[in-house]
Amino acid sequence: MIKRRIALIAAIAGATLALSSCNLSKWLNSTTSTSILNYSITDAKHQTALNKINSLIELADTIEKNGMSTAYQYTIVNYLNSTVSYISELASARNKEYVSYCLDKSRTTAKYQNLQEKFTEIYQKYQEFMKVSAETTELRSYIFGNKTDEEIENIIGKQYSDRYYELNDEISQLDNSYRSLSSKDENFSTEAEAIYVNIINKSKELAKEAGYNSFLEFKYSSFNRDYTEEDSDNFFTYVKDYMLPELYDNQYKASDLQVGLTEDEKTTFKSMFSSHSKSSNMDLFDSYMNTFTDSTIKSNYTKFKNLYSFYADTTNSYDGAYTTYILDSKVAVCYFGYNYQDIFTKVHEFGHMNSMTLELKNSKGTASLDVSETQSQSNEMLFLAYLENNNSLSSNVKEAIRKYRIRSALTTIVLSTIMDQFEQRIYDNNASYDASELNDVMISLCDEMGGYQMVKDALGGNDPVEYYHRAIISSRFYYISYATSLIPSINLYEEAKNDYSNALNIYKTIYNFDTKNYNFKDGMVNAGLSNPFTEEAFIGLANLLS
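Residues numbered from 1 in each chain as written. Predicted model: local features only at pLDDT ≥ 70, side-chain atom pairs only at ≥ 80, totals over all residues. Heavy atoms only, no water.

## A short note on the overall build of the protein
Put simply, the test is: Strands here are runs of E lasting at least two residues and helices are runs of H or I lasting at least four, both read from the DSSP assignment and numbered beginning at the N terminus. Atoms counted for the radius of gyration: C-alpha only. Globule rule: 2.2 Å times residue count to the power 0.38. Accessible surface is estimated by sampling points in the Shrake-Rupley manner with a 1.4 Å probe; for residues, cover comes only from the protein chains shown. The convention is simple: Lys and Arg are positive, Asp and Glu are negative, and His and the chain ends are not counted. Here the site of a charge means atom NZ of a Lys, CZ of an Arg, CG of an Asp or CD of a Glu.
Tallying secondary structure elements over the protein gives 25 helices and four strands in all. In summary, the protein has a C-alpha radius of gyration of 24 Å against a globular reference of 24 Å for 546 residues, a match within 12%. Reported as C-alpha extents along the three principal axes, the dimensions of the protein are approximately 85 × 55 × 45 Å. As displayed, the protein offers around 22,200 Å² of accessible surface, 43% of which is attributable to carbon and sulfur atoms. When the 51 basic and 72 acidic side-chain charges of the protein are each reduced to a single mean position, those positions are 7 Å apart.

Here it is in structure tokens:
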């Protein structure tokens, strides 16, 4: 009992917010939906939890001197299980509070920050006790059995210094300051850049405190990536050589695709990619889900629709979409900002919600970030293939949707890879930039790719400088996973056009990903998709635009 629950805590160690974002009226239909965001963390409850873990630390010293007794075993079981449960409750409360803040930014981030500080405080105490236990003969045998030092470290999590936790909290506060900015404010870019420089410097120090050579190495490890900086550099070369020229040579906007459509068809097309409604195009989502025979994914879809999705009904909300764990309830919930309620975003986030819920319930282990994004983006691509055979849409609309969505995916690959290379430069230990120099770094990078204006044109007018201001500041080294995951996802789309039934089986392998036996690259190949770090994969993608 103790060991199983300890393993759960190892999965959330050091995390400030466990969520998956989307790259691009609240839905509160029932009492259950509203109550899932409720929590009951109080100062008195927190102090009681601290008293218990402090008592365990003192008990460890007593056991070291006097030996183990039955009474001590009883106390350890009760107090340690209580501590682990409370840490899980705190992590859940922190994520619930963040969703509530996103729904209505008139709330402050003070409650979230307070919960984060409480989490850090008691988790440090928990680690202190576990470290002492591993060094105390009788406690080690009682709690860990015959496990090795390496196995014990994996169970309790890596030991960090007090400075590490201080930096973690300081960066969390900077993130909250950044999220509180309004992108519509004329001073947004200047304020964002000032916060970003502070984040960069503190993040470099954080990586050193954690024992890593660089912040990139630290983040790649925290995301469970099985590829290196060199792999990312090669990926960038393929993107530059194969994707960027094709995008530039095949420039078009959504308006171009609507030429020849009737007014009704234009309305349908636009609704697929822009909506402020929880119900928009859900009939298509329903019919898509009816093609699945797996009862588990259907059950999770019902929960997604009726219980665990939250839609902002005001522009005074966080402008994005994400899915986050609620550990103590063993569920995942989805948030949709006011401008992120289109059907493809819904399909994307359900991909996260379904896979996260399976991980929590089945104790499968946490998938790497790249696997997680493949679970969501391959759902989008499978949905796109389904739409092409849907008789409720005209052939003209379906073709417009297909072209727009494929180009959007390829644009995401290029843009996300640029963001990764930009981050590699600004987080380099041997480089130092002030706020006024960050834009120059991005412009220089784009110039190396063929010219800043050429890159901007190829990306359909997306400005890389403006994009980094709004995307990657609080999602550090995240975006490369949007690029790597889209390659096998587009593979799935191509398979679905040829054999939809087999594509459903492949997708089942993806959302039930075997984290114990496969990493990202090998797992994709095992599922029947491509390794995204091969030149052959990019040649195939380039042909989609040719």
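## Looking at helix α8 (residues 162-179)
Our working rule: To estimate the expected span of a helix, subtract one from its residue number and multiply by 1.5 Å. A simple rule labels every residue: compare its accessible area, found with a 1.4 Å probe on the protein chains alone, to the largest value its type can have, and call it buried under 20%, exposed over 50%, or partly exposed in between.
Between its terminal C-alpha atoms α8 stretches 26 Å, which fits the 26 Å expected from 18 residues at 1.5 Å a residue. Looking at α8, one finds that the buried residues are Tyr164, Tyr165, Leu167, Asn168, Asp169, Ile171, Ser172, Leu174, Asp175, Asn176, Tyr178 and Arg179.

## Considerations on the environment of Lys45
Rule in force here: Two residues qualify as a contact provided that any one of their heavy atoms is within 4.5 Å of a heavy atom in the partner residue. In the analysis that follows, any N or O atom pair within 3.5 Å is treated as a polar contact, provided that within protein one partner can donate a hydrogen and the other can accept it, and provided that, for residues neighboring in sequence, both atoms belong to side chains.
For Lys45, the location among the structural elements is in helix α3 (residues 43-66). Considered as a pair, Lys45 and Glu117 are 72 residues apart in the sequence and their alpha carbons are 15 Å apart. Non-local contacts of Lys45, meaning those with residues more than four positions away in its chain, are made with Ser40, Tyr86 and Glu89. Side-chain polar atoms of Lys45 contact the side chain of Ser40, separated by 3.5 Å.

## Looking at the packing of helix α17 (residues 369-387) against helix α22 (residues 480-498)
Filter applied, for reference: Axes here mean lines fitted to C-alpha atoms, for a helix over just the part in contact, with angles spanning 0 to 180 degrees between N-to-C directions. Here a crossing is taken to be left-handed if its near helix is turned anticlockwise relative to the far helix by less than a right angle, and right-handed if that turn runs clockwise. When residues are sorted by character, Ala, Val, Leu, Ile, Met, Phe, Trp, Tyr, Cys and Pro go into the nonpolar class, Asp, Glu, Lys and Arg into the charged class, and all the rest, Gly among them, into the polar class.
Taken N-terminus to C-terminus, the directions of α17 and α22 make an angle of 35°; their axes are 7 Å apart at the nearest point. Read as a crossing pair, α17 and α22 show a hand that is right-handed. Mapping the contact onto sequence places Leu369, Asp370, Glu373, Thr374, Gln377, Ser378, Met381, Leu382, Leu384 and Ala385 in α17 and Ser481, Tyr482, Thr484, Ser485, Leu486, Pro488, Ser489, Ile490, Leu492, Tyr493 and Ala496 in α22. Taken together, the residues of the contact of α17 with α22 break down into twelve nonpolar, seven polar and two charged.

## Some details on the packing of aromatic side chains
Put simply, the rule is: Whether two aromatic rings pair depends on their centres lying within 6.5 Å, for rings of Phe, Tyr and Trp, where Trp uses its six-membered ring; planes under 30 degrees apart make the pair stacked, over 60 edge-to-face, and the rest tilted. When the NZ atom of lysine or the CZ atom of arginine is within 6 Å of a ring's centre and also within 35 degrees of its normal, the charge is said to sit over that ring.
Under the criterion given, the structure shown has 51 aromatic pairs. Ring centres of Tyr98 and Tyr101 lie 6.2 Å apart, and the angle between their planes is 40°; on these two criteria the pair is classed as tilted. With Tyr98 and Tyr101 both in helix α4 (residues 70-103) and three residues apart, this pair spans about one turn of that helix. By relative accessible area, Tyr101 is classed as buried at 5%. In this arrangement the basic side chain of Arg225 is found over the ring face of Tyr220, its NZ or CZ atom lying 4.7 Å from the centre. Directly above the ring of Phe344 sits Arg405, whose terminal nitrogen or CZ lies 5.6 Å from the centroid.

## Focus: the pattern of salt bridges
Just so we agree on the cut-off: By definition here, a salt bridge exists when the distance from a side-chain nitrogen of Lys or Arg to a carboxyl oxygen of Asp or Glu is within 4 Å.
Within this structure, the stated rule accounts for 20 salt bridges. Note that Asp61 is salt-bridged to Lys65, the shortest N-O span being 3.3 Å. Residue Asp61 and its partner Lys65 are located together in helix α3, separated by four residues, close to a single helical turn. When the shortest N-O distance is used, the salt bridge between Arg476 and Asp175 registers 2.9 Å. Here Arg476, found in the loop between α21 (464-471) and α22, pairs with Asp175, found in helix α8; they are 301 residues apart in sequence, far enough to count as distant. Judged by its relative accessible area of 6%, Asp175 is buried. A single salt-bridge network, built from bridges that share partners, covers Arg163, Glu166, Glu170, Lys202 and Glu205.

## Overview of the confidence of the model for the protein
Let me state the cut-off plainly: Known as pLDDT, the predictor's confidence for each residue is given on a scale from 0 to 100.
A residue-level look at the protein finds 93% of positions with pLDDT of 70 or above and a mean pLDDT of 88. The least confident element of the protein, judged by mean pLDDT, is helix α1 (residues 2-10) at 36; the most confident is helix α14 (residues 282-289) at 97. This model gives residues 1-33 a pLDDT under 50, and the stretch forms 116 contacts once residues within four places in sequence are excluded.

## Notes on the side chain of Ser92
Within the fold, Ser92 resides in helix α4. For Ser92, the contacting residues outside a window of four places in its chain are Ile326, Leu327 and Asp328.

## Some points on helix α13 (residues 263-273)
Restricting attention to buried positions, one finds in α13 the residues Glu265, Phe269, Ser271, Met272 and Phe273. If you follow the buried residues of α13, they end up packed against α12 (254-257), α14, α16 (343-362), α17 and α18 (395-426).

## Notes on the nonpolar core
Put simply, the rule reads: Note on terminology: a nonpolar core comprises buried Ala, Val, Leu, Ile, Met, Phe, Trp, Tyr and Cys residues joined through side-chain atoms within 4.5 Å.
Within the largest apolar cluster, 179 residues are counted, with the highest numbers of intra-cluster contacts made by Phe129, Tyr196, Phe285, Leu382, Phe383, Ile401 and Ile413. With residues near it in sequence (within four places) discarded, Leu382 still touches Tyr288, Phe292, Leu492, Ala496, Tyr500, Ala503, Leu504 and Tyr507.

## A look at unusual backbone geometry
Residue Asn281 is not a glycine yet carries a positive backbone phi of 60°. Examined against the element boundaries, Asn281 turns out to sit in the loop between α13 and α14. Assessed through its relative accessible area of 16%, Asn281 is described here as buried. Of note, the phi angle at Phe477 is positive, near 55°, even though the residue is not glycine. In this structure, Phe477 sits in the loop between α21 and α22.

## Section: the packing of α13 against α18
Packed helix pairs are specified by the crossing angle of their axes together with the interaxial distance, meaning the distance between the axes. Two numbers describe how α13 lies on α18: the axes approach to 10 Å, and their chain directions differ by 30°. The way α13 lies across α18 gives a crossing that is right-handed. Across the interface between the two elements, Glu265, Thr268, Phe269, Met272 and Phe273 of α13 pack against Asn396, Val397, Ala400, Ile401, Tyr404 and Arg405 of α18. By residue class, the composition of the contact of α13 with α18 is seven nonpolar, two polar and two charged.

## What to know about the environment of Lys96
As for its position among the elements, Lys96 is in helix α4. A sequence separation of 229 residues divides Lys96 from Tyr325, and the C-alpha atoms of the two residues are 8.9 Å apart. Ignoring any residue separated from it by four or fewer positions in sequence, one finds Lys96 in contact with Ile36, Leu37, Asn38, Tyr39, Ile326 and Asp328.

## Remarks on the pairing of strand β3 (residues 321-326)
Going by this rule: When DSSP finds two or more bridges between two strands, those strands count as paired.
Of all six residues in β3, six are buried; the element is thus mostly enclosed. With burial as the criterion, each face of β3 is covered, one bearing Ala321, Thr323 and Tyr325 and the other bearing Tyr322, Thr324 and Ile326. Bridge analysis of β3 against strand β4 (residues 331-336) gives six bridges, and the strand direction is antiparallel. In the strand pairing of β4, Tyr322 is matched with Tyr335. Counting the residues that bridge the hairpin from β3 to β4 gives four residues, and of these Lys330 lies at a positive phi of roughly 55°.

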